[in-house]
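Here is how the chains run, residue by residue.
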Amino acid sequence: MSWETVIGLEVHVQLATKTKIFSGSSTAFGAAPNTQASAVDLAMPGTLPVANEQAFRYAIMFGLAIDAEIGKTSVFERKNYFYPDLPKGYQTTQLAKPIVGPGHVDIQLKDGSHKRVRIHHAHLEEDAGKSLHEDFHGMSGIDLNRAGTPLIEIVSEPDMRNAEEAVAFAKKLHSIVTSLGICDGNMSQGSMRFDVNISVRKKGDEKLGTRTETKNLNSFKFMEEAIALEVERQIDVIEDGGKILQETRLYNADTKTARSMRSKEEANDYRYFPCPDLLPVVIDDATIEQLRSTLPELPDARHKRFVEQYGLSDYDAGVLGDDATMAHYFEAATKVCGDAKLAANWIMGELSARLNGEDKTIGDSPVSAVQLGQMILRIKDNTISNKMAKEVLQGVWTGEGDPDTVIEKRGLKQVSDSGAIEALVADVLAANSAQVDNYRSADDSKRPKMIGFFVGQIMKASKGQANPQQVNEILLKKLNELI
Amino acid sequence: MTIERADIEKLAELARIRITEENIAATTRSLGNVLQLVDQLQAADTTGIAPMAHPLDAVQRLRPDVVSESDQREAFQAIAPATENGLYLVPKVIE
């Protein structure tokens, strides 16, 4: 039996406003518990919400970026449920008249093909607080600093057919909101959280299967794992003659397992109704046009520009251009060294490997873009070889100073004085006459391999400091003279 | 529209309100009366009239994104039943 997977995503994006959506409390991350929870956030009697203008501007920017219609009259509603991290007993959100209407996001897959994912809508709402279930003498601890942080919830249509598409879509959204500067994109701090709706159906079936929702995934990797696990579970259940129950599931990234959180049958009837505390928000055309005219460069446009302006391959342009921070880094390094290809290679190669190794992102790279550019300049002016550059990078990474300082301190200057290299070559050839004889008598096809031996010896004699390109040239010249 | 005993029980559950056995019948009757009023309203022809989101004919004024609240945790927590390390403590909740 052949199965098809159907996936839709609900994505919560924390907006990078300074204050909450309905109060003037700070949204800064990492403050002591409840020091950023005001009377409004705590739902004290007599308080009233006042909506944050910037939250609307950010939501509209997102709408414009995905080519959506903007809700000119936008209405807040109450979604009623009880949980201690929601002091009001309802979440202020939007339902019938959201700020962002239908739009679309285009994704590129690994095989190079493109796919359009439709967005059903995106709405503004408030985040809840945090519940800490560690043992407080059999009680739970509540921190309401996050309560009231503005979110947009982006709801996709069920247009994705496998984990790769879902992850590509999630990454693209991350790229869009960080390029717009409306979200800091910090997944480990919960700035973007994904709920994945998954169902399976027999290939060729029109009707969708019963779906489950796996909630609160905060990394692309976990999303991929959770999807694979859930698809396998659903197929197993159906093939064993069972039925899929519509339920919410929680994925545990440590144990790589998921469990049912609550089934929809016993669940929530949220009794939405328009919030009487908040009047409809009307957005005028002038505001929309002003925001449209100041939209920053979006990932797709940047991707295209990187190919045209820097001559990068489609793949490289994707890696460097999709992430806003990465793109800025690449352009800053290129500006210093004037060589986009070298900058691209160093960022995607050595630097990325180091970042991955320490679980860092480009945003917290110990080597700044300017420093990387300076190092590449030293490769280009033949001060250092590629191999030495790796050592320089290591030095800058560990805080030894700028590239020039590291080169000086570690004595990494390569020898490019042709007289000195000629003397080295002559010494090595004289000391290895047997190999020179072999080279002479070998046929042309074998010779290139034999040259490696001499190069190795010469580099060793120079303690790695001879310019490899010059060594090659001078060695070949000398060997040819001997033939 | 009529309301049944089961509806009242479900609503009470959703609203976390305890209605005693002897009050269920009376509550069902009173809520039923309210719904009859709604039925009368629904008899009015509203073709072409957009649903109203708010009784006031006004729009929401927005606030600039500037921090205006300071930390008043001590004052708020002075009236909380239980706190620890700056957290509000509540009966254990695990869904």
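Keep in mind that this is a model prediction, so the values were computed, not measured. (Residues numbered from 1 in each chain as written. Chains lettered and ligands numbered in written order. Predicted model: local features only at pLDDT ≥ 70, side-chain atom pairs only at ≥ 80, totals over all residues. Heavy atoms only, no water.)

Asks: What's the story with the interface of chain A and chain B in this structure? I'm lost.
Replies: How big an interface is tends to be expressed through the accessible area that disappears when the partners come together. Across the contact, 54 residues belong to chain A and 37 residues belong to chain B. Note on chain A versus chain B: buried area summed over both sides is about 4000 Å², and carbon and sulfur give 61% of it. Summed over the shared surface of chain A and chain B, the result is one salt bridge. A salt bridge links Lys10(B) to Asp269(A); the shortest N-O distance between them is 3.2 Å. Taken together, the elements giving at least two residues each to the side of chain A that touches chain B come down to α1 (53-65), β7 (130-136), β8 (139-143), β13 (257-263) and β15 (281-282) of chain A. Per-element accounting of the side of chain A that touches chain B gives the leading share, five residues, to β8(A). Grouping the constituent residues of the side of chain A that touches chain B by class yields 29 nonpolar, 16 polar and nine charged. (Contact = heavy atoms within 4.5 Å. Buried area = accessible area lost by both parts, 1.4 Å probe. Salt bridge = Lys/Arg side-chain N within 4 Å of Asp/Glu carboxyl O. Helix = DSSP H or I, 4+ residues; strand = E, 2+ residues; numbered from the N terminus. Nonpolar A, V, L, I, M, F, W, Y, C, P; charged D, E, K, R; others polar.)

Asks: I keep staring at the sheet that holds strand β4 (residues 90-93) of chain A and nothing clicks. Help me out?
Replies: Strand pairs in the sheet, formed through backbone hydrogen bonds, run parallel or antiparallel to each other. Residue and element names in this part refer to chain A. Across the sheet, three strands lie side by side as β4-β3-β14; this open sheet has antiparallel pairing. This sheet does not close on itself; its edge strands, each paired only once, are β4 and β14 (273-274). Sheet analysis places strand β3 (residues 77-80) next to β14, joined by two bridges and oriented antiparallel. For Arg-78, the partnering residue across the bridge sits in β14 and is Phe-273. (Pairing = 2+ DSSP bridges.)

Asks: Just to check I follow, could you spell out the side chain of Ser175(A) for this structure?
Replies: All names here are of chain A. Considering the arrangement of structural elements, one finds Ser-175 in helix α2 (residues 163-180). The buried category is assigned to Ser-175, whose relative accessible area is 2%. Beyond its immediate stretch of four places on either side in the chain, Ser-175 contacts Pro-299, Asp-322 and Asp-323. (Buried < 20%, exposed > 50% of the residue type's maximum accessible area, 1.4 Å probe, protein only.)

Asks: Just checking my understanding: could you explain the environment of Arg193(A) for this structure?
Replies: All names here are of chain A. Position of Arg-193 among the secondary structure elements: in strand β10 (residues 192-202). Relative accessible area serves as the criterion here: at 10%, Arg-193 is assigned to the buried category. For the pair Arg-193 and His-12, spaced 181 residues apart in the sequence, the C-alpha separation amounts to 5.1 Å. The contact partners of Arg-193, leaving out residues within four places of it in the chain, are Glu-10, Val-11, His-12, Gln-14, Asp-127, Arg-146, Leu-151, Asn-216 and Leu-217.

Asks: What is the right way to look at the sheet that holds β8(A) in this model?
Replies: With antiparallel pairing, four strands are arranged side by side in an open sheet as β7(A)-β8(A)-β2(B)-β1(B). Each edge of the open sheet carries a strand with a single partner, namely β7 of chain A together with β1 (83-84) of chain B. Inspection of the sheet shows β1(B) paired to strand β2 (residues 87-91) of chain B by two bridges, in the antiparallel sense. The residue of β2(B) that forms the bridge with Glu84(B) is Leu87(B).

None of this, on its own, says anything about what the molecule does.
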